[in-house]
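# Inside the fold
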Amino acid sequence: MNLTFQLIDPAGEALLLVHTPVPREAYADLTRRLLAIRELAPRQVAFLTAPTQGGAVRVEAAAAVCGGEVLRQAAFAFAVAREIHRERKVPVEGDGWPEALPAQVNPLTGQATLDFPLPQVQPGEGERGDRLLFPGVAWALQKGGALPSEAALAPALQALAQETERPAAGLLVWDFRAQSLETALWTAQDAALTHPRRCAAGGAAAAAWQALRSREGRQTWPLRQPGGPLEVTTVTQGRQLKRLSVAGPVDLGPVYTVEF
């Protein structure tokens with residue numbers, strides 16, 4: 001099999017996006033083999049496929065959920081591959097999301113913006129902080145400080161995923177004054193704890209939480225993360241969140257074709 005894939009965002013999460021159509025049952029093996037390419041140092045693998053929910057393109061992965069950052073980058077890469085040169089809306093579908101999400105891509109500026117579904121907010125009780133629930137992931141939020149040890153984090157996030165019936169759960173350490181965000185994410189499929197370097201869904205959750213405690217209207221929240229900056233836009237009205245979108249650069253790398 002000749003497999004064509006593209007390296008995206010080598011300064012952040014180093015995604016390998018596969019353009020060649022492949023059967024879903026081959027995802028796990030191909031993901032393992034692509035992640036083993038040391039020269040590219042990939043951290044993630046995703047596959048472009050035909051849409052099933054009315055979108056322009058669909059993104060799937062061996063994992064149960066495609067993160068928002070993967071969808072944002074994949075929508076941009078899809079547009080460029082279709083020789084779209086001007087700003088365009090590209091509805092993108094993804095594993096774990098119940099419907100296509102609007103993505104605004106601009107190849108002229110190298111930017112892509114993804115609109116997120118509005119999270120369900122669960123107010124904290126007792127010592128428990130607030131939680132923000134997206135379709136595929138539950139986020140707990142901690143204001144400032146450092147991430148707990150992995151020995152404490154993994155069982156706590158596993159319990160959060162089980163309690164909220166989500167395939168993944170994460171902790172956000174949000175420093176509002178410094179506008180910085182650290183993320184820990186536990187996924188049920190591989191029972192593993194990771195630390196995403198740039199997380200669109202985590203950034204969206206943190207900004208949504210802050211927006212609900214700030215003045216109403218449209219606000220922009222720049223976020224600094226280890227893998228690079230993102231900018232979250234929120235719109236609130238009547239103490240309710242009305243819109244949530246995440247924007248940032250996309251750095252397309254070379255396209256490779258290899259024989260597997």
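Our structure's up above, just so we're on the same page.
## Digging into helix α4 (residues 200-211)
With 12 residues, α4 extends 16 Å from end C-alpha to end C-alpha; this agrees with the ideal 16 Å at 1.5 Å per step. Here α4 has its buried residues at Ala-200, Ala-201, Gly-202, Gly-203, Ala-204, Ala-205, Ala-206, Ala-207, Ala-208, Trp-209, Gln-210 and Ala-211.

## Digging into the sheet that holds strand β2 (residues 15-18)
Strands sit in the order β6-β4-β3-β2-β1-β18 across an open sheet of 6 strands; the sheet is mixed. Edge positions in the sheet fall to β6 (92-94) and β18 (252-259), since each has one partner strand and no second. Direction aside, the axes of adjacent strands within the sheet are offset by 30° on average. Relative to β2, strand β1 (residues 2-8) is paired through 4 bridges, and the arrangement is antiparallel. Looking across to β2, one finds that Gln-6 is bridged to Leu-17. Here helix α1 (residues 27-35) sits on the sheet in contact with β1, β2, β3 (44-49) and β4 (57-60), set at roughly 135° to β3.

## Let's talk about the sheet that holds strand β5 (residues 88-89)
Overall, antiparallel pairing links the 6 strands, which are arranged β5-β7-β8-β17-β16-β15 in an open sheet. If you trace the sheet from one side to the other, it starts and ends with β5 and β15 (217-223), each paired once. Strand direction decides the pairing type here: strand β7 (residues 103-106) and strand β8 (residues 111-115), joined by 4 bridges, are antiparallel. Following the sheet pairing, Val-105 is matched in β8 by Ala-112. This element, helix α2 (residues 68-81), spans β7, β8, β16 (230-237) and β17 (240-249) of the sheet and lies at about 130° to β8. The sheet contacts of α4 involve β15, β16 and β17, and relative to β16 the element is tilted by about 40°.

## Quick look at the side chain of Gln-6
Checked against the element boundaries, Gln-6 lands in strand β1. Polar contacts involving the side chain of Gln-6 include one to the main-chain carbonyl oxygen of Gly-253, which spans 3.1 Å. Among all residues touching Gln-6, those that are not within four sequence positions of it are Leu-15, Leu-16, Leu-17, His-19, Ala-77, Leu-252, Gly-253, Pro-254 and Val-255.

Definitions and cut-offs
Residues numbered from 1 in each chain as written. Predicted model: local features only at pLDDT ≥ 70, side-chain atom pairs only at ≥ 80, totals over all residues. Heavy atoms only, no water. Helix = DSSP H or I, 4+ residues; strand = E, 2+ residues; numbered from the N terminus. Expected span 1.5 Å × (residues − 1). Buried < 20%, exposed > 50% of the residue type's maximum accessible area, 1.4 Å probe, protein only. Pairing = 2+ DSSP bridges. Axes fitted to C-alpha atoms, helices over the stretch in contact; angles between N-to-C directions. Contact = heavy atoms within 4.5 Å. Polar contact = N/O pair within 3.5 Å; in protein donor to acceptor, adjacent residues only side chain to side chain.

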